[in-house]
Amino acid sequence: MKRILILMAEFGYGHRSAANAIAAALQETHVQECVVEVINPLNDKRAPAFLRKDQANYDRIIREMPELYQVGYQFSDTPAASNLIENTATLLLFNVLRETVRKHQPDAIVCTYPIYQAILHVIFTIEKRHIPIFTVVTDLATVHKMWFNPAVDLCLVPTQTVYDLAINSGLPPEKVKITGLPVHPALAKGNQDQASIRANLGWHPDLFTVLAIGSKRVEHLYDSLHVLNHSGLPLQLAVVAGGDEALYRRLSETEWHQETHLYNFVSDMPTLLRGADCVLGKAGGLTVTETLACGLPMILVSVIPGQETGNAEYVVSGKAGDLAKNPMEVLEVMCHWLVNGKELYNLRVQNAHRLGYPRAAYDVADLVWSAVKEQNNDFSKG
């Protein structure tokens, strides 16, 4: 029985989501042959408390201090700062990572967060052992230099843009492969057609359906919905508050003129995506990749400066969606999409299908599995 260890972190949803998607694909395709474990080393009780606190404060910082976050992100992306961060992380997390590896004795390690690569390299150098390390980059265009560590066996990137960044950062071409960003395998299956999904959800079967995805980090969502609610356009709204209680309360108290379906939090986003015609939301890596994997165009109403800027550019430059800087621009985009027999909307759909990688998790799983078959590691000693 082979063992695969996936290391992630809780800075946003994307790192955990990618980890869970890869785990699901491996368990589906090799359930009788491997054990997959998803671990967040930063939550280990031996890890410094401030690292756990940083994860908890991530949402608040990027929501309340986006300019400060952008400055910090840009500064940390310099070579000197990246080296300092990696060296400091190695000192702080060396014992945590070493004991994690010894406990789980993996045949391969997948990192969906960049900081672990350098630490693992030091561990393996000291132990004089080797375990294949796969890095899965979870940003579509704006990518931190720490993702591109030459010690890894394979760096799996979501787009051609990130591939070029990896090569320019010094990674040899044989260590870089475009797979797309892993999304849950359920998005690749689509066993139900749209009509069946809408019937099961209680949605109107024929109205153009806007799926609005919110959270505490999505700005301008309510105001955008307010404009669409009073637009008189032939559409229905499905709104997910993403666990933002204040937003959900406000949505529940609103007088809706369009047919509207409200959800505080959902555990089956793939179903809602396959039942919708487009997505209204932020330019987070998870939202963008899941939306494109379903071939849906996007209206982006919120972009976190720094890491999400590239995601927005990826969607807009690929003509798979539009950026709306204010609620009136949301209305303008929607009107442009729906006129002339939905000509512009249909073009956006075609481009979304072109940019999406619905089977990325399976492709990553295949690459990892091909490596583990040859491994026979024993970390119980030393």
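Residues numbered from 1 in each chain as written. Predicted model: local features only at pLDDT ≥ 70, side-chain atom pairs only at ≥ 80, totals over all residues. Heavy atoms only, no water.

Participant: Explanation requested: the nonpolar core in the structure shown.
Facilitator: Within soluble globular proteins, side chains that are nonpolar generally end up buried alongside one another. Residues Leu 97, Ile 109, Tyr 116, Leu 120 and Phe 148 are the most contacted members of the largest nonpolar core, which totals 36 residues. For this core, the elements supplying multiple residues, two or more each, are β1 (2-7), α4 (79-104), β3 (108-111), α5 (116-127), β5 (154-157) and α6 (160-168). In terms of residues, this core owes the most to one element, α4, which gives six residues. Formed by 31 residues, the second largest nonpolar core is a distinct cluster that contains Ala 18, Val 183, Leu 273 and Leu 355. (Core = buried A, V, L, I, M, F, W, Y, C linked by side-chain atoms within 4.5 Å. Buried < 20%, exposed > 50% of the residue type's maximum accessible area, 1.4 Å probe, protein only. Helix = DSSP H or I, 4+ residues; strand = E, 2+ residues; numbered from the N terminus.)

Participant: Would you explain the pairing of strand β2 (residues 34-39) in this entry?
Facilitator: Every regular strand shows the same layout, with side chains that alternate between the two sheet faces. Relative to β2, β1 runs parallel, the two being bridged by six bridges. Bridged to Ile 4 within β2 is Val 36. A crossover connection joins β1 to the parallel β2 through helix α1 (residues 14-29); in handedness this β-α-β unit is right-handed. (Pairing = 2+ DSSP bridges. Right-handed = clockwise from strand over helix to strand, strands pointing away.)

Participant: Even after reading the chapter, I still don't get the sheet that holds β3, so can you show me in this structure?
Facilitator: Two strands in a sheet stick together by hydrogen bonds in their backbones, pointing the same way (parallel) or opposite ways (antiparallel). The strand order across the open sheet formed by six strands is β2-β1-β3-β4-β5-β6, and the pairing between neighbours is parallel. What marks the edges here is a single partner per strand, and that holds for β2 and β6 (176-178). For this sheet, the mean inter-axis angle between neighbouring strands, taken without regard to orientation, is 20°. Lying on the sheet, α5 is in contact with β1, β3 and β4 (133-136); it crosses β3 at an angle near 155°. Docked against the sheet, α6 engages β5 and β6, running at close to 175° with respect to β6. (Axes fitted to C-alpha atoms, helices over the stretch in contact; angles between N-to-C directions. Contact = heavy atoms within 4.5 Å.)

Note that every value here comes from positions in space, so none of it alone points to a role or purpose.
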